[in-house]
Amino acid sequence: MNPAPGHAPGTPGTPAESVAPVLLLRRESLFARWFPWVIAGLTLAYVVTLAIPAADPPGKMQIQEFAKLPIVYNGRLKPFDTLARTTLLQTSGRQTVQIPQRDAKGELVPGPDGEPPATHTEPAVRWLLDVLAGNPQSLDDPILRIENDQLIGALGLQVRPGLRYTLNELRSKIGMIAEQATAANKKETDQRDAYESAVLKLAEDLQLIMQLQSWQEPHAVPPTEPGGRWIALADAAQQAQAGGKVAPGAAALSAMAVAYGKHDAPAFNQWLAMYKTDLEAHLPQAVSAARVEAWYNGFGPFDLTGCLALYLFALLLMVFGWIGWSRPLSRAAVGVVVIAWLVHTVGILVRIWISGRPPVTNLYSSALLIGWGCVGLSLLLRVIYKRLTLITAVGAIAGLITMLVAFGLAKGDTMEVLQAVLDTRFWLATHVICVTLGYTATYFAGLFGIVYLVSGLFTNNLRDEQTRKTLTRIIYGVICFATLLSFTGTVLGGIWADQSWGRFWGWDPKENGALMIVLWNALILHARWAGLVKARGMAVLAVAGNIVTSWSWFGVNLLGVGLHSYGFMHGAAWWLILFVCSQLGLIALGLLPLRWWCSFRPLPEDSPPHAAAPA
Amino acid sequence: MTEPAQSPALHRGTVSPVTADEPRPHAAAPAFGSVGWQVQFCRRLPHSLASLKLTVVLFALAIFLTYAGTVAQKEHGVGTILTQYFRTGLARVEIEPLFLYTVHLPAWMPKDFYFPGGWLIGGMMLINLIAAHVTRFNVKVRGAKLWNGLAVLAVGSALIGLLVTDNLGVEPGGLSGFTSDWAIMLGIVAVMLTGARMLFNRRAGVVIAHAGLIVLLLSELITGLFAIEGIMPIMNGGAVNYIEVISKPELVVVDRSPADYDREVCVPGSFLAGGGTIRDDRLPFDVEVVDFMKNSELVQPGEGIVNPATAGSGLQMIARRQPEESGAGAAERQDAASAYIRVVDKQTHKPVGTYLVSYFFDHDFGARDLPQHVTLGGKTYDMALRFTRVYQPYTVKLLEFRHQLYPGTMIAKDYSSFIQLTDPSRRVDRRVRIWMNHPLRYHNQTLYQQSVLGQDQGTILQVVQNPGWAVPYISCLMVAGGLIVHFGQNLSTFLRRRAAA
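All of these numbers come straight from a predicted model, not from anything done at the bench. (Residues numbered from 1 in each chain as written. Chains lettered and ligands numbered in written order. Predicted model: local features only at pLDDT ≥ 70, side-chain atom pairs only at ≥ 80, totals over all residues. Heavy atoms only, no water.)

A few points about the overall build of chain A
Then step 1. Counting its secondary structure elements, chain A contains 22 helices and 6 strands.
Then step 2. Put simply, chain A has 615 residues, and 55% of those count as buried.
Then step 3. Within chain A, counting contacts between residues at least 6 apart in sequence, those at least 24 apart form 71% of the total.
Then step 4. Put simply, chain A shows about 26600 Å² of open surface, and 65% of that area lies on carbon and sulfur atoms. (Helix = DSSP H or I, 4+ residues; strand = E, 2+ residues; numbered from the N terminus. Buried < 20%, exposed > 50% of the residue type's maximum accessible area, 1.4 Å probe, protein only. Contact = heavy atoms within 4.5 Å. Areas by Shrake-Rupley, 256 points an atom, 1.4 Å probe, with all protein chains shown as cover.)

Re helix H4 (residues 124–132) of chain A
Residue and element names in this part refer to chain A.
Then step 1. Within H4, 8 of the 9 residues are buried, which leaves it mostly tucked inside the rest of the structure.
Then step 2. Residues Ala124, Val125, Trp127, Leu128, Leu129, Asp130, Val131 and Leu132 constitute the buried set of H4.
Then step 3. Following H4 by one or two positions, glycine 134 adopts a phi angle in the positive range, close to 70°.

Observations regarding the sheet that holds strand S6 (residues 276–278) of chain B
Residues and elements named next belong to chain B.
Then step 1. Spatial ordering of the open sheet is given by S6-S7-S10-S11, a layout of 4 strands whose pairing is antiparallel. Sheet topology places S6 and strand S11 (351–358) at the edges, where each strand pairs with a single neighbour. Direction aside, neighbouring strands of the sheet carry axes that sit 30° apart on average.
Then step 2. Where strand S7 (residues 286–293) meets strand S10 (residues 338–344), 7 bridges bridge the pair, whose relative direction is antiparallel. Across the sheet, valine 289 pairs through a bridge with isoleucine 341, a residue of S10. (Pairing = 2+ DSSP bridges. Axes fitted to C-alpha atoms, helices over the stretch in contact; angles between N-to-C directions.)

Looking at the pattern of salt bridges
Then step 1. Inspection of the entire model under this criterion finds 25 salt bridges over all chains.
Then step 2. Among the charged side chains, a salt-bridge network with shared partners connects A:Glu65, A:Lys68, A:Lys276 and A:Arg291. (Salt bridge = Lys/Arg side-chain N within 4 Å of Asp/Glu carboxyl O.)

Points about the side chain of A:Arg85
Then step 1. With respect to the secondary-structure elements, A:Arg85 resides in helix H3 (residues 80–92).
Then step 2. In contact with A:Arg85, other than residues within four places in its own chain, are A:Gln95, A:Ala124, A:Asn297 and A:Gly298.

As for the nonpolar core
All names here are of chain A.
Then step 1. With 177 residues, the main nonpolar core has Phe448 and Tyr452 as its most contacted residues.
Then step 2. The biggest single contributor to this core is helix H17 (residues 425–458), with 17 residues.
Then step 3. Counting 63 residues, the second largest nonpolar core, distinct from the first, contains Leu144, Ile209, Ala250 and Tyr260. (Core = buried A, V, L, I, M, F, W, Y, C linked by side-chain atoms within 4.5 Å.)

Let's talk about the confidence of the model for chain A
Residues and elements named next belong to chain A.
Then step 1. Model confidence for chain A is summarised by a mean pLDDT of 82, while 86% of its residues fall at 70 or above.
Then step 2. This model gives residues 1–25 a pLDDT under 50, and the stretch forms 46 contacts once residues within four places in sequence are excluded.
Then step 3. This stretch, residues 607–615, has a pLDDT under 50; its non-local contacts, to residues over four places away or in other chains, come to 16 contacts. (pLDDT = per-residue confidence, 0-100.)

What to know about the packing of aromatic side chains
Residue and element names in this part refer to chain A.
Then step 1. On inspection of all chains with the given rule, the structure shows 26 aromatic pairs over all chains.
Then step 2. Where phenylalanine 66 meets phenylalanine 268, the ring centres are 6.0 Å apart and the plane angle is 50°; that geometry is what we call tilted. A residue pair is termed long-range when its members are at least 10 positions apart, and phenylalanine 66 in helix H2 (residues 63–67) and phenylalanine 268 in helix H11 (residues 265–282) qualify at 202 residues.
Then step 3. On the accessibility criterion, phenylalanine 268 (0% relative accessible area) is buried. (Phe/Tyr/Trp six-rings, centres within 6.5 Å; stacked < 30°, edge-to-face > 60°.)

Below is the structure:
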């Protein structure tokens, strides 16, 4: 029934020629024509350098090869590399370690004018090897990030840049930390204050590291017979002491740790090579899976240097394009977004392969998929509406924001195993993807709502009827599909619940959140069909859709953690509130009378009839 | 509001199927209350009820109610939320949760306000939808085409009828993957869409989508009215033939004196909540409710704490009223009901004593059974407060309970209950495994693996009986199918026009 707005019979048609792009008339210089290709080539080269796995020079200790060895930790097969990175990420907030410099005698070299010694960056796996080898120098690595200043004070430490502290600094305080953490642990999650939460986190981090130091984790020793269990090095040692057979894996791994501790590169490499050959013969699948994951970690498509940097680069190209030389720059931006999106796609596919699960299993991966969907949609629209170069910028912004959200959410292993109840591939594959794409479409419509409001308010872009119509049509069309996807996803969730718990709909917070998105999209469509809103009204409602979607995506999770006292005021909550406020601000701007809008303000002279005339 | 994007003529065009059918205002309205006015009112009423503006208002109300019902779950169990917000005509919306508890209202301000409840909004949506079907979704064909279309729709509706009454052999268990049962459902939706296409042409998708929504709203009504939800906790090696409804406590008085059976008399929790004295010929004594607590905690007697109990276990511990458990809390906990009951002799009307009965004294809740012994007229009765039991014709015996963890973690990988199902009335006696996402369907009920009893001492099954289980499945497919057809049609038109342009 309703064709996309603006396609009804009797529309006073605007001849396309009247807005023919002026730029096409001028012949471009050779440089301008080749510029986008050069940029695309450089971007590709950059991606290739990221994708080439790191390796140690021959003859040196083959740390990077060690990093690829498979282990079992937290219920999942993964390489040492992942263990090292996720442990550091959890305790220190980053995936590398700043190792303080030492002189020839092994003494710490003090910094130029202050106390903290100068440092150099090392890969996480080197730190892990130091810990496993029991290297006492690892106790001086700043790997514990303590953000609560009360706690820093209570530990007798000074607030320093980076807020990262060493095990040696905490050595005398372990008893106190354990005592306070035990007390905090007795309280309900939502009753703890910021200090107690911080103590608890510190205690958990310490425990994590101690388990590594004492070889209780990871389960690094492979099973000797097929189908057997992986066991911890400590357990293997105990078995050996009790007179049992020494597992060959345990012997090799402990020999490697010893050789590493003695800086004996030949021995280390020899044991490593032997162990690897042995593993490849017995557990070829585990070896290759761990290799791929280690490669994925090194590639880091969703790290700061991955897609995030590429989307940012594309956005900058677009922004410079608005200042001048727009055609080559915007074409270059398209190229960069395409490459970034391909990297994004590869990243998601590798994650699916590694985890053996559908792309969305937690908040982090939903952010990845939402970004992927938004950017993909923008590329598709760019193909349909070649004239509207703005779409590329929208895609880059969507990619950038979702990458930042994902980066903020990555607090440990992002591919962790799932609770039994969530462990059904069929429903994860259908319901979760559908709902996530529903979020994607709703956000995408909201983004274009913002574009409509901003370009109408602050630029003259909307004086062009074609642009106005195109934007409206995109918002309308995307909301249609958002309605379809979010409805289907929500009901599929109900069906999953019916299959798992015997009730279709339980009015629980997450379900309600999804329902609100469906209702909101339906409201926009019906308001449009009822004639209650037109182009501008729909844009405003679409922006409000961002709030509804964010509530469903994050707000509901915060509700579970606790709204009282400090609970709600932590990290993500502030960002959510900030985001909601920004959207409310945009909505308020969108409700300003049209005569204040740049695009609809009557021009002092020769006002074009279609722009100034109120319709 | 001025609107630059389209001219009024254009709007008439795009929205024509909607606005064209709206009644046009007449030049001279008849006087209020006159016959002419009444005729006009009756003619206009369906159109007003079908109004899209009403739809938008209802959506807005529903969104607000859903939000209010979500944030209030921080402090209330979902059962309370259902009765206070969703399954009621008039909801009582609490104000503080709306601001995420960041605002504290001064004492003189009301804490809540009345708002249309779920039944009312849902009912209005239903009326709005049906009115839209009657007034707006006009059949455009006549004669044989009309009859053919109606016939196809009738076949589709009949198939839906057979499906929801479980006559098509489609079972919920068959829908947990890409199976032929889904194909049957998709076939039914295809029949409906074909019929609608014959009658409504390009509006077929919209009509079927909205028809699906009508069915979906009705299914929530059926669930709200008829579904039963309970649990079945079974210790290792134990056997159980009843479902327990946790949210509904009952007071039970057991006479164990007969040799081969126990005589149980149950008083529903709703009677206790009402307070007062409960007299019944079946009860060996009168029951006077001193205090009934929907949720409570047990504390040690101490100075300054008044103990209402005068006999039994209540002398050692005191129950104190607690706020209801949250439906959104990190730890999903159940309300622990307790009550102080004064036992009064029927003949002499003299109180025998005041006893404390509590969920904490029930092994399914507090991990121990502590019935209160009331001695009266030389006989001893057991008195306890427990989950309401609904007895079943079948018995479930727990043979083995398996609880697997992911290696090196405390994260559950699998819970499985291996049970023996016996039902003499149907001559059933078989072994069944119930595990996550693989429930047992029996006797129009579905038994799901819910959780574990204590430290692997047994299993907790969830039992659900919902006569309308199939309705959401088919209605979801109708809405999704209708929307796909409708939006797909718009998209293809749009792409064709662009290609032509």
